[in-house]
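# Structural overview
As a plain string of letters, each chain reads:
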Amino acid sequence: MAKIIGEPIKNIPWQDKPEGYQYPVWRYTQNPIITRDNLFFANSIFNSAVVPYKDGFAGVFRVDDRTRYHNIVTGFSKDAIHWELDEKVIFNGYDPRLCEIDGKYYLSWVNLTPNGTTIGIAVTEDFKTWEQKEDATYPVARNGVLFPKKINGEYMLLVRPCDRGHTPYGDIFIQRSKDLEFWGKYRFVMKPEKFWEMTKIGAGPTPIEIDEGWLMFYHGVLTSCNGFTYSMGAAILDKNEPWKVLHRADSFLLAPHELYETVGDVPNVVFPCSALADSETGKIAIYYGAADTTVALAFTTVDEVVNYIHERDIIDK
Ligand code: BMA
């Protein structure tokens, strides 16, 4: 039995695996959970992130408005399924990730600069006032994902260097900081290996601490004659040296198969940015952007994912 290390989340959203369903990740039957109708003037609301907050949940949401500019807003929910979004823009940019470290909430996102995208970092205690830190990378980078605790006294950030356009390549790297200001000790983590992810990969939700290491969901991109297809995969990273990949599944865990994933502003996109993990039951709820248009929800358990990774492990021992 695999084990999630961390706080229990008693009110984690949940549906049991459908009877007879054979795959390790299953979708919420009422998907998508957030659409453009959640906020006036939104063209699309997708790639977003949530955390437990007070007796409910808080989140940061990517809202592309009707000028098609990229904005991040906050939102709150009692059940992590029905969300009230605040129209106030906290930052410009996209693909936010969110995690709690020592009682504070850290946002990392794709920050827009005149010279390309970089990874913005900001911290809040109440989701009202944010303190923006130095950008964590030079341009151009995307998919900056913080670990939910310091490791050996250092913050850890997964990151995907890229170009100014739609980037036809991309590996995952890690970098470290003692103070969230100066970054260094860059290490390679992993590169595309299988066809479903062959073009590029990027870290997804905040890594989940488990007994064996860090469970990392990520997106992988395939280029077909129809363009990019984004799917979700998983790997387990070493607990103390997370640039070491211990195990990695050869196949995706979720790919664009439902209509809301295959049809939208950008068809064929499943883009995970967040996961809630309940240490008591092993339940995991994954939030992903669907077709760059809506936010959807999927479920798994730590046992399902860890078994799947072990059964299909591509890491030579
Ligand atoms: C990536 C990012 C994501 C988006 C994806 C598919 O480069 O821009 O926000 O979901 O492309 O369009």
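Please refer to the structure higher up on the page.
Residues numbered from 1 in each chain as written. Predicted model: local features only at pLDDT ≥ 70, side-chain atom pairs only at ≥ 80, totals over all residues. Heavy atoms only, no water.

### Focus on helix 2 (residues 302–311)
Here helix 2 has its buried residues at Val 302, Val 305, Val 306, Tyr 308 and Ile 309. Each buried residue of helix 2 sits inside an arc of 160° when the element is viewed along its axis, so together they form one side. On its buried face, helix 2 is in contact with strand 15 (208–210), strand 16 (213–224), strand 17 (227–237), strand 18 (245–248), strand 20 (283–290) and strand 21 (294–301). (Buried < 20%, exposed > 50% of the residue type's maximum accessible area, 1.4 Å probe, protein only. Helix = DSSP H or I, 4+ residues; strand = E, 2+ residues; numbered from the N terminus. Arc of directions from axis to C-beta. Contact = heavy atoms within 4.5 Å.)

### A word on the pattern of salt bridges
In this structure the tally under the stated criterion is 17 salt bridges. Of the charged contacts in the structure, one is a salt bridge between Arg 27 and Glu 261, with a shortest N-O distance of 2.8 Å. You can see Arg 27 sitting in strand 1 (residues 26–27) and its partner Glu 261 sitting in helix 1 (residues 259–262), a full 234 residues away along the chain. When sorted by exposure, Arg 27 lands in the same class as Glu 261, which is buried. For Lys 244, the salt bridge identified is with Glu 241, shortest N-O distance 2.4 Å. Salt bridges linked by common partners bring Glu 154, Arg 176, Lys 178 and Lys 185 together as one network. (Salt bridge = Lys/Arg side-chain N within 4 Å of Asp/Glu carboxyl O.)

### Topic: the side chain of Arg 27
Here Arg 27 falls in the buried class, since its relative accessible area comes to 16%. Apart from the residues within four sequence positions on either side, Arg 27 is in contact with Gln 15, Tyr 21, Leu 254, Ala 255, His 257, Glu 258, Tyr 260, Glu 261, Tyr 288, Leu 297 and Ala 298.

### Some thoughts on the site of the ligand
Inspection of the region around the ligand gives Asn 47, Arg 62, Tyr 94, Asp 95, Tyr 230, Val 266, Val 269, Phe 271 and Asp 292 as its neighbouring residues. Within the side chain of Tyr 230, an N or O atom sits 3.0 Å from an oxygen atom of the ligand. At 2.6 Å from an oxygen atom of the ligand is found a side-chain nitrogen or oxygen belonging to Asp 292. For the ligand, the accessible surface in isolation is 310 Å², of which the surrounding protein chains cover 86%. (Near = heavy atom within 4 Å. Polar contact = N/O pair within 3.5 Å; in protein donor to acceptor, adjacent residues only side chain to side chain. Areas by Shrake-Rupley, 256 points an atom, 1.4 Å probe, with all protein chains shown as cover.)

### So, the sheet that holds strand 21
Strand order in the open sheet formed by four strands is 1-21-20-19, with antiparallel pairing between adjacent strands. Whereas interior strands pair on both sides, the edge strands pair on one side only; in this sheet they are strand 1 and strand 19 (270–277). Relative to strand 21, strand 1 runs antiparallel, the two being bridged by two bridges. Bridging from a neighbouring strand, Trp 26 pairs with Phe 299 of strand 21. In this fold helix 2 packs onto strand 1, strand 20 and strand 21, with an angle of close to 80° to the strand it touches most, strand 21. (Pairing = 2+ DSSP bridges. Axes fitted to C-alpha atoms, helices over the stretch in contact; angles between N-to-C directions.)

### Details of the nonpolar core
Of all hydrophobic cores here, the largest spans 28 residues; its most connected members are Ile 208, Ile 210, Leu 215, Phe 217, Met 232, Ile 284 and Tyr 288. The element best represented in this core is helix 2, accounting for five residues. Filtering out sequence-adjacent residues up to four positions away, Met 232 remains in contact with Val 25, Trp 196, Phe 217, Tyr 218, His 219, Phe 252, Leu 253, Leu 254, Val 270, Pro 272 and Ile 286. One finds Tyr 28, Ile 34, Ile 45 and Ala 80 within the second-largest nonpolar core, a separate group that totals 24 residues. (Core = buried A, V, L, I, M, F, W, Y, C linked by side-chain atoms within 4.5 Å.)

### A closer look at the sheet that holds strand 10 (residues 141–146)
Strand order in the open sheet formed by four strands is 10-11-12-13, with antiparallel pairing between adjacent strands. The strands lining the two open edges of the sheet, one partner per strand, are strand 10 and strand 13 (184–190). Each neighbouring strand pair of the sheet contributes to a mean axis angle of 30°, computed without reference to strand direction. Taken together, the four bridges between strand 12 (residues 172–177) and strand 13 define a ladder with antiparallel strand orientation. Bridging across to strand 13, Phe 173 finds its partner in Phe 188.

### What to know about the environment of Ile 172
Within the secondary structure, Ile 172 is located in strand 12. The buried category is assigned to Ile 172, whose relative accessible area is 0%. Separated by 15 residues in sequence, Ile 172 and Arg 187 place their C-alpha atoms 9.0 Å apart. Residues within four places of Ile 172 in sequence aside, it is in contact with Leu 158, Val 159, Phe 188, Val 189, Met 190, Ile 201, Gly 202, Ala 203, Met 216 and Tyr 218.

### As for the pairing of strand 11 (residues 155–161)
With six of its seven residues buried, strand 11 lies for the most part within the structure. Pairing of strand 10 with strand 11, which is carried by four bridges, proceeds in the antiparallel orientation. The partner of Ala 141 across the bridge, within strand 11, is Pro 161. In terms of strand pairing, strand 11 meets strand 12 through five bridges, oriented antiparallel. If you follow Tyr 155 over to strand 12, its bridge partner there is Ser 177.

### Side note on the side chain of Asp 238
As for its placement among the helices and strands, Asp 238 is situated in the loop between strand 17 and strand 18. Despite its burial, Asp 238 remains without a salt bridge, the nearest opposite charge being carried by Lys 244 at 5.9 Å. Of the polar contacts made by the side chain of Asp 238, one reaches the backbone nitrogen of Asn 240; its length is 3.0 Å. Of note is the side chain of Asp 238, whose polar atom sits 2.7 Å from the backbone nitrogen of Glu 241. If we skip the residues at most four places from it in the chain, Asp 238 touches Trp 214, Lys 244 and Leu 246. (Lys, Arg positive; Asp, Glu negative; His and termini not counted.)

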